Amino acid sequence: MIGVRASRYRHLAIRSIHTPTVPKLYLNNVELSGNDLRNIPTHELFTKFGFIHHPKPGLVHWLPVGLAISQKVSQVIHHRMRECDAEEINLSLLSSSQLWQETGRWDNTELFKLKDSSKNDFCLVATCEEEITKLVSSNINSYKNLPLLYYQINEKFRDEKRPRSGLLRGREFLMKDAYSFDLNEEAAMETYNKVVDAYYEIFQDLKIPFVKADADTGEIGGSLSHEWHYLHNVGEDTLFTCDECGNSSNIEKTLSFPEDVDESIDVSVQYFMTKDKGTLVCAYYPTERSIEPSFVKEEIPDLDLIETNQDTILNEFSNEDTLISKKIIRIMDSRLNLRSNFPDFPIKFINRSLITTLTDIPIVTAVENEICAKCEDGHLKLHRAIEVGHTFYLGDKYSDPLKCEVEVPNTEGGLTFTNVLMGCYGIGISRIIAAIGEINKDSNGFRWPSIIAPWNVTVVQSPKFDNSKGSLVYELLNAAGISYRLDNRPKIGLGKKIKQSHMVGIPLTVILGNQFPLVEIEIRGRRYTDDLQWKRLYETRDFEWEIVTDAEGNDIKHLVHIDGVASAINSLLIDM
């Protein structure tokens, strides 16, 4: 019966078919036999395996295997961004200093700066808010042109002082950045939420569990932002998640309350003033903790966070003649009470009516197991995390200085100029690759989700296998749209080819040998669901299919008749 079934496909072997093979320099210098690959830093494996090459610290050359993964990640992003009606563009990587000076960002020390032959200043872009805002401002002629949503995928550059960990922190990186333009805040938030929904889809497609966290807007600015993280102990970011309400936020946004107040702790104070220099703010907090100035600004919105010199601030309030026209606000962290041991007040006695005291205000960075300030019920759990995406609602931070505005009908029947409201949305493609490589690495090497694996199936042939029968297999794989590569390297043994396919992280290895027309499929890919699709096909099959399991009952090998090999492979890949 097996011979009869195989004969159905003999005519396919007559045709000339394209058989993709592994790259020419595939694992050319790899000699790691017997090593536990968990002990080798992940960024070193990327270079040892020939995914990438670093010509200088922080710079990267993408080689065929690494490039294939980055293209797969980009395909996922392209698909979801187009679904949310974003249009693809490609902006110049050189940007004039004039725009950055207008937005106040030219002094950023992480910009690569250069001059052209006419001594004009430019930078290599790390992000494109200036350029896209100017582009839209130059082309928009009516409020009816809105909304606009553009995205691009390309390299970005940052003068990282200490590039490290390979793709996780370099001087150049692959990034998807998107920018939205809306007429009013309601429409802008609709767009923001639409892109956030697309991010959920992107990260779900990539299979790795992720966290969306409330975040500080940082240097880019705006009034709302979220970070997208993979939780892992190599991450440089700190996240807190409430075990009751589930809210996640980074350390700069996590407000917390203590379980108890310790009256014996030492108290420190940091002084601030408002932008008009009319109010002195005295922020008291436990000496052993770290104050977070942005939390103080939550209570005093016009707080000046630029001037931090304590003597300079206090000097503004040292003149007794003018002090009567000023105010003083004392903010006490929630870990203190009025009986705590406060430092001496730095200003001579003044009318107490000028002093306002605010108590029970969390103004220090949180620590694990404190009470979540969001729900005031659950406790905070700390995680190390790798940031792979960030979304910002910018408002008119860039449209105002760059005059990106439109005329809008007003209630009096005329037209009024109004600033366009913006959002920006980034995903670090190279960071995603580095993070997933780190998270999924085990003692045998990488394990890529099938959706971004450089290819999904490595095919190896035993030395005496009939090549004409191999053509039959390749024709079936091609017809089924399966991403595969034949490892036909000479002088490399069958066992080594299989091991190296596992090291690179290819989900499946197909072995063609003396059991043909039974085809051996070795499992390498990680399963992301308990509801395994291949079991449904197995229960309804009309072809021969044997399964080999390990001591825990996990399937590690499948022997499938050539009649069903393509459908079996596709069903196995769905879960990986």
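As the structure is a prediction and not an experimental result, all values here were calculated from the model.

(A) Structural view of the packing of aromatic side chains. Inspection of every chain in the model, using the stated rule, returns 25 aromatic pairs. On the numbers, 5.1 Å between centres and 90° between planes, the contact of tyrosine 284 with phenylalanine 342 is edge-to-face. Placement of the pair is tyrosine 284 in strand β15 (residues 279-286) and phenylalanine 342 in the loop between β17 (327-333) and β18 (355-361), with a sequence separation of 58 residues. The same class applies to tyrosine 284 as to phenylalanine 342, namely buried. Between phenylalanine 543 and tryptophan 545, the ring centres sit 5.8 Å apart and the planes meet at 15°, which makes this aromatic pair stacked. Of the two residues, phenylalanine 543 and tryptophan 545, both sit in the buried class. The residue whose ring lies beneath lysine 326 is phenylalanine 317, and the NZ or CZ to ring-centre distance is 5.3 Å.

(B) Representation of the pairing of strand β24 (residues 457-461) within the structure. Where burial is concerned, most of β24 is hidden: five out of the five residues are buried. The pairing of β24 with strand β25 (residues 484-486) spans three bridges and is classified as parallel. By the bridge assignment, threonine 458 is partnered in β25 with arginine 485. Crossover β24 to β25 through helix α11 (residues 467-479) is right-handed. Where β24 meets strand β26 (residues 508-512), five bridges bridge the pair, whose relative direction is parallel. Across the sheet, the residue bridging to threonine 458 is threonine 509, located in β26.

(C) Spotlight on the packing of helix α3 (residues 64-83) against helix α10 (residues 429-440). It is at 10 Å that the axes of α3 and α10 come closest, and there the two elements cross at 115°. With respect to the hand of their crossing, α3 and α10 are arranged in right-handed fashion. The segment α3 lies against α10, with Ile69, Ser70, Val73, Ser74 and Ile77 engaging Ile429, Ile432 and Ile433. Broken down by class, the residue content of the contact of α3 with α10 amounts to six nonpolar, two polar and no charged.

(D) Summary view of the packing of α3 against helix α6 (residues 185-205). Running from N to C, α3 and α6 cross one another at 150°; their axes reach a closest spacing of 9 Å. Taken as axis vectors, α3 and α6 run roughly antiparallel relative to one another. Note that α3 runs across α6; the crossing there is right-handed. For the pair α3 and α6, the contacting residues are Val76, Ile77 and Arg80 in the first and Ala198, Glu201, Ile202 and Asp205 in the second. Looking at side-chain class alone, the contact of α3 with α6 contains four nonpolar, no polar and three charged residues.

(E) Layout of the sheet that holds β17. In space, the five strands of this open sheet follow the order β16-β14-β15-β17-β18, with mixed pairing throughout. Every interior strand has two partners, whereas the edge strands, β16 (303-304) and β18, have only one.

(F) Molecular detail of helix α14 (residues 565-574). Within α14, seven of the 10 residues are buried, which leaves the element mostly enclosed by the surrounding structure. Of all the positions in α14, only Val565, Ala566, Ala568, Ile569, Ser571, Leu572 and Leu573 are classed as buried.

(G) Molecular detail of the pattern of salt bridges. Under the defined criterion, the tally for this structure stands at 25 salt bridges. Of the charged contacts, one joins glutamate 160 and arginine 164 as a salt bridge, the two residues approaching to 3.9 Å between their closest N and O atoms. Residue arginine 164 is classed as partly exposed on the basis of its relative accessible area of 29%. For the salt bridge of arginine 169 with glutamate 160, the shortest nitrogen-to-oxygen distance reads 3.2 Å. Since its relative accessible area comes to 7%, glutamate 160 is described here as buried. Residues joined by salt bridges that share partners form a network here, namely Arg158, Glu160, Arg164, Arg169 and Glu236.

(H) Spotlight on α6. In this model, α6 (21 residues) spans 30 Å end to end at C-alpha, consistent with the 30 Å of a helix rising 1.5 Å per residue. Along α6, the positions that sit buried rather than exposed are Ala188, Thr191, Tyr192, Val195, Val196, Ala198, Tyr199, Ile202, Phe203 and Asp205. Capping the start of α6 is the job of one residue whose side-chain oxygen sits 3.3 Å from the backbone nitrogen of glutamate 186: asparagine 184. Among the residues trailing α6, lysine 207 stands out with phi positive, at a value near 80°.

(I) Just a negative patch on the surface, in detail. A contiguous patch of negative charge, built from Glu259, Asp260, Asp262, Asp266 and Glu288, is present on the exposed surface. Note that aspartate 266 resides in the loop between β13 (256-257) and β14 (267-274). Owing to a relative accessible area of 52%, aspartate 266 belongs among the exposed residues under this scheme.

(J) Structural view of the side chain of arginine 289. Here arginine 289 is to be found in the loop between β15 and α7 (293-299). A polar contact of 2.9 Å, which involves the side chain of arginine 289, links it to the backbone oxygen of threonine 365. Setting aside anything within four residues of it in sequence, one finds arginine 289 in contact with Arg335, Val364, Thr365, Ala366, Val367 and Glu370.

(K) Structural context of the side chain of threonine 509. In this structure, threonine 509 sits in strand β26. One polar contact links threonine 509 to serine 501, side chain to side chain, over a distance of 3.2 Å. Excluding residues within four positions of it along the chain, threonine 509 makes contact with Thr458, Val460, Ile498, Ser501, His502, Glu520, Ile521 and Glu522.

(L) Focus on the sheet that holds strand β27 (residues 518-523). One open sheet accounts for six strands, arranged β25-β24-β26-β27-β29-β28; its pairing is mixed. Looking at the sheet topology across the chains shown, the edges are occupied by β25 and β28 (545-549). Averaged over all pairs of adjacent strands, the angle between their axes in this sheet comes to 20°, without regard to strand direction. Across the sheet, helix α12 (residues 494-504) touches β24, β26 and β27, and the angle it forms with β26 is around 165°.

Quick notes on the rules
- Going along each chain's sequence as written, the residues are numbered from 1 onward.
- Only residues with pLDDT of at least 70 are given local features in this predicted model, and only at 80 or more are side-chain atom pairs given and counted; all residues enter the totals for whole chains, interfaces and linings.
- No hydrogens and no water enter the side-chain calculation; it runs on all heavy atoms of the structure.
- Working definition: rings of Phe, Tyr and Trp (its six-membered ring) pair if their centres are within 6.5 Å, and the pair is stacked with planes under 30 degrees apart, edge-to-face with planes over 60 apart, and tilted otherwise.
- Helical segments are the DSSP runs of H or I of at least four residues, strand segments are the runs of E of at least two, and each set is numbered from the N terminus.
- We call a residue buried when its accessible area falls under 20% of the maximum for its residue type, exposed when it is over 50%, and partly exposed in between, using a 1.4 Å probe and counting protein chains only.
- Only Lys NZ and Arg CZ are tested; either one counts as a charge over a ring when it is within 6 Å of the ring centre and within 35 degrees of the ring normal.
- Strand pairing is assigned whenever DSSP detects at least two bridges linking the two strands.
- Look down the strands so they point away from you; if going from the first strand over the helix to the second traces a clockwise path, that crossover is right-handed.
- Note on definitions: angles span 0 to 180 degrees between N-to-C directions of axes, and those axes are lines fitted to C-alpha atoms, for helices only across the stretch in contact.
- For any pair of crossing helices, the crossing counts as left-handed if the nearer helix is rotated counterclockwise from the farther one by less than a right angle, and right-handed if it is rotated clockwise.
- Contacts between residues were defined by any pair of non-hydrogen atoms, one from each residue, lying within 4.5 Å.
- Amino acid classes used here: Ala, Val, Leu, Ile, Met, Phe, Trp, Tyr, Cys and Pro are nonpolar; Asp, Glu, Lys and Arg are charged; the rest, including Gly, are polar.
- Put simply, angles under 35 degrees are roughly parallel, angles over 145 are roughly antiparallel, angles from 65 to 115 are roughly perpendicular, and the rest are oblique.
- Salt bridge, as used here, is a side-chain nitrogen of Lys or Arg placed within 4 Å of a carboxyl oxygen of Asp or Glu.
- To estimate how far a helix should reach, multiply one less than its number of residues by 1.5 Å.
- Any pair of nitrogen or oxygen atoms within 3.5 Å is treated as a polar contact; in protein, a donor-acceptor pairing is required on top of that, and neighbouring residues in sequence qualify only through side-chain atoms on both sides.
- Surface patches are drawn from residues lacking salt bridges whose relative accessible area is over 30%; two like charges belong together within 9 Å, two nonpolar side chains (Val, Leu, Ile, Met, Phe, Trp, Tyr) within 5 Å.
- Note on areas: these come from Shrake-Rupley sampling with a 1.4 Å probe, and a residue is covered only by the protein chains present in the view.
- In this charge count, Lys and Arg are treated as positive and Asp and Glu as negative; neither His nor the chain ends contribute.
- Charged groups are reduced to one reference atom each: NZ for lysine, CZ for arginine, CG for aspartic acid, CD for glutamic acid.

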